[in-house]
Amino acid sequence: MRKKIVAGNWKMNTTIKEAEVLVKDLTALVDEFDTDVDIIVCPPFTHLDSVARLLAKQYDEKEKIYLGAQNCADHTSGAYTGEVSVNMLKSVNCKYVILGHSERREYYHENSASLYEKIELALNAGIIPIFCVGEKLEERESNRHFEVVAEQIKDVLYRLKGAEMSKIIIAYEPVWAIGTGKTATSEQAEEMHAYIRKVVADKFGDVADIVPILYGGSCKPSNAQEIFSKPNVDGGLIGGASLVAKDFVDIVKSF
Ligand code: 13P
């Protein structure tokens, strides 16, 4: 049985005050129902500690919402101005880190070599990577989407050991669907998720069966249920809709 996961990627949004309001609204809504979905919020670095404290106060026994970061450094410590290490993330109770988001690949030139380093550092620190893959519009239009996604997986994840792979979460985020309001159809998502699972199985065998694969890209309350109904879709990585407490929680409830 694979885990069901809904993660909110807040990207570069919210002030600390706004983040605190959002977390309070979220916890109030989440406390109204029981769920077997792992709920994760990934605020900007500057907000992690405040959000961690709010969550700890709310959930002193069983956590219902977990904390994730949006990136980490590809070195452990030292003279890397502006970077944030996995140990720093751990010190604020981060359990997850998003790695290889298309915005980071595109605007900050992240490549497979540094993503592999980041994944290794995160795993060694006990932080679970949410590794993002996805094709651009022109790649889908030229029918290269499977090839592109397979390459993103092989270049990074094929370097892991089986035991490491069993801890990874993959997020399929077609670049053309991110922030555009244009969602992949549930058939397109399922087709790619099944393919991703096969690419993982080709190298790691049965481990592929336990790797959660999340869909991301204009996922919202109105389309989440349809997308999550597909057998290889294990949840969502949500951008815009994760900034509105009710929308995010409605997406969680879509399972
Ligand atoms: P949107 O949900 O805003 O399209 O963003 C998706 C995303 O990039 C999540 O990481």
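In this text, all values refer to a predicted model and were calculated from it rather than measured experimentally. (Residues numbered from 1 in each chain as written. Predicted model: local features only at pLDDT ≥ 70, side-chain atom pairs only at ≥ 80, totals over all residues. Heavy atoms only, no water.)

As for the layout of surface pockets
Approximately 520 Å³ is the volume found for the largest pocket. Every residue lining the largest pocket is counted, 18 residues in all, and those nearest its centre are Lys11, Met12, Gln70, Arg104 and Tyr108. Tallying contributions element by element places helix α4 (residues 102-107) first for the lining of the largest pocket, with three residues. The calculated volume of the second largest pocket comes to roughly 330 Å³. Along its surface, the second largest pocket is lined by 19 residues, and Arg105, Gly134, Glu139, Val148 and Gln152 are the ones closest to its centre. Listed by contribution, the elements that provide at least two residues to the lining of the second largest pocket are α4, β5 (128-133) and α7 (145-156). In terms of residues, the lining of the second largest pocket owes the most to one element, α7, which gives five residues. (1 Å grid on protein atoms, 1.4 Å probe; cavity = no way out; pocket = protein on both sides within 12 Å on 5 of 7 lines; lining within 4 Å. Points joined across faces, edges and corners; volume = space filled by probe spheres on them. Helix = DSSP H or I, 4+ residues; strand = E, 2+ residues; numbered from the N terminus.)

Notes on the side chain of His193
Tracing the backbone through its elements, the reader meets His193 in helix α9 (residues 186-204). His193 gets classed as buried once you look at its relative accessible area, which sits at 0%. Among the polar contacts made by the side chain of His193, one reaches the main-chain carbonyl oxygen of Asn232 at a distance of 3.0 Å. Beyond its immediate chain neighbours, meaning those up to four positions away, His193 contacts Tyr172, Ile213, Leu214, Tyr215, Asn232 and Val233. (Buried < 20%, exposed > 50% of the residue type's maximum accessible area, 1.4 Å probe, protein only. Polar contact = N/O pair within 3.5 Å; in protein donor to acceptor, adjacent residues only side chain to side chain. Contact = heavy atoms within 4.5 Å.)

Observations concerning the pattern of salt bridges
Counting across every chain of the model gives 13 salt bridges. A salt bridge links Glu63 to Lys95; the nearest nitrogen and oxygen atoms lie 3.4 Å apart. In this pair, Glu63 is assigned in the loop between α2 (48-58) and β3 (65-69) and Lys95 in the loop between α3 (86-91) and β4 (96-99), connecting sequence segments 32 residues apart. What makes Glu63 partly exposed here is its relative accessible area of 23%. (Salt bridge = Lys/Arg side-chain N within 4 Å of Asp/Glu carboxyl O.)

Things to note about the nonpolar core
Leu157, Met165, Ile170 and Ile196 are the most contacted members of the largest nonpolar core, which has 74 residues in total. Residues contacting Leu157, with those up to four places away along its chain left out, are Ile119, Phe131, Met165, Ile168, Ile170 and Phe204. In terms of nonpolar packing, the next biggest core, distinct from the first, is built from 13 residues, Ala7, Ile40, Cys132 and Leu237 among them. (Core = buried A, V, L, I, M, F, W, Y, C linked by side-chain atoms within 4.5 Å.)

As for the site of the ligand
Taken together, Asn9, Lys11, His101, Glu173, Ala177, Ile178, Gly179, Gly217, Ser218, Leu237, Gly239 and Gly240 are the residues near the ligand. Gly179 has a polar backbone atom sitting 2.6 Å from an oxygen atom of the ligand. At 2.7 Å from an oxygen atom of the ligand is found a main-chain nitrogen or oxygen belonging to Ser218. For the ligand, whose accessible area on its own is 310 Å², the fraction buried by protein is 94%. Of the residues in the shell around the ligand, the class split is three nonpolar, seven polar and two charged. (Near = heavy atom within 4 Å. Areas by Shrake-Rupley, 256 points an atom, 1.4 Å probe, with all protein chains shown as cover. Nonpolar A, V, L, I, M, F, W, Y, C, P; charged D, E, K, R; others polar.)

Re unusual backbone geometry
We note that Asn143 has phi near 60 degrees; this positive angle belongs to a residue other than glycine. Relative to the helices and strands, Asn143 resides in the loop between α6 (137-141) and α7. The residue Ser218 is not glycine, and still its phi comes out positive at about 55 degrees. Along the chain, Ser218 turns up in the loop between β7 (213-215) and α10 (221-228). On the basis of relative accessible area, Ser218 is assigned to the buried category, the value being 16%.

Scope: geometric values only; no functional claims are made or implied.
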